[in-house]
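Examining the three-dimensional arrangement
Here is how the chains run, residue by residue.
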Amino acid sequence: MFEVNNYFEGKVASLAYESAEGKSTLGVMADGEYEFGTSQHEKMTVVQGKLTIQRKGTTEWESFGPTQSFEVEANSSFKVKAEGNTSYLCQYS
């Protein structure tokens, strides 16, 4: 079964699912800036578009395009700037 999630007044949406590799979400973000909290380790891969992120406790911004990934530790947070509509795959561990 799939779970539909909506955040930030519908500007971020995702489908949660389980596979042999574990729990994942496949989602989209509208152009804008967001801040997410994590409860699990996350690996995010940009499918289409561009995400620029700032991890908690840093001042550095990093940009990621299609097929590029970044990881965020559990019990943390990160800021995201989506440049245009962007799709992503988020894998949890």
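To keep things clear, this report deals only with the structure shown in the data block.

A word on the nonpolar core
Within the largest apolar cluster, 16 residues are counted, with the highest numbers of intra-cluster contacts made by Met29, Phe36, Met44, Leu51, Phe70, Phe78 and Val80. Broken down by secondary-structure element, the contributors of at least two residues to this core are strand S4 (32-37), strand S5 (42-48), strand S6 (51-55), strand S8 (69-72), strand S9 (77-82) and strand S10 (86-92).

Remarks on the pattern of salt bridges
Following the criterion strictly, the structure yields two salt bridges and no others. Note that Lys50 is salt-bridged to Glu83, the shortest N-O span being 3.8 Å. Linking Lys50 in the loop between S5 and S6 with Glu83 in the loop between S9 and S10, this pair joins segments that are 33 residues apart in sequence. For Glu83, a relative accessible area of 43% translates into the label partly exposed. Here Glu62 ties to Arg55 by a salt bridge, and the two come within 2.2 Å at their closest N and O atoms.

Comments concerning the packing of aromatic side chains
Any pair of aromatic rings gets described here by the distance separating the centres and the angle formed by the planes. Tallying each qualifying case throughout the model produces six aromatic pairs. Summarising the aromatic geometry, the rings of Tyr34 and Phe36 are spaced 6.4 Å apart at their centres and angled 45° between planes, so their arrangement reads as tilted. Joined through ring pairs, the aromatic side chains of Phe8, Tyr34, Phe36, Phe64, Phe70 and Phe78 make up one cluster. One Lys or Arg, Lys23, reaches over the ring of Tyr92 and ends 5.4 Å from the middle of that ring. Taking NZ or CZ as reference, Lys81 lies 4.2 Å from the ring centre of Trp61, over its face.

Considerations on the environment of Glu42
Topologically, Glu42 is positioned in strand S5. For Glu42, a relative accessible area of 8% translates into the label buried. Along the primary structure Glu42 and Ile53 are separated by 11 residues, whereas in three dimensions their C-alpha atoms are 13 Å apart. Leaving out residues up to four positions away in the same chain, Glu42 has contacts with Gly37, Phe70, Glu71, Val72, Phe78, Cys90, Gln91 and Tyr92.

Points about the pairing of strand S3 (residues 22-29)
As paired elements, strand S2 (residues 12-19) and S3 share eight bridges and run antiparallel to each other. Residue pairing across strands places Ala16 opposite Thr25, the latter belonging to S3. In textbook terms, the turn of a hairpin is the stretch between consecutive antiparallel strands, and for S2 and S3 this stretch comprises two residues. Note that S3 and S10 share six bridges and pair antiparallel. Paired with Val28 across the bridge in S10 is Ser87.

Conventions and cut-offs
Residues numbered from 1 in each chain as written. Predicted model: local features only at pLDDT ≥ 70, side-chain atom pairs only at ≥ 80, totals over all residues. Heavy atoms only, no water. Core = buried A, V, L, I, M, F, W, Y, C linked by side-chain atoms within 4.5 Å. Buried < 20%, exposed > 50% of the residue type's maximum accessible area, 1.4 Å probe, protein only. Helix = DSSP H or I, 4+ residues; strand = E, 2+ residues; numbered from the N terminus. Salt bridge = Lys/Arg side-chain N within 4 Å of Asp/Glu carboxyl O. Phe/Tyr/Trp six-rings, centres within 6.5 Å; stacked < 30°, edge-to-face > 60°. Lys NZ or Arg CZ within 6 Å of the ring centre and 35° of its normal. Contact = heavy atoms within 4.5 Å. Pairing = 2+ DSSP bridges.

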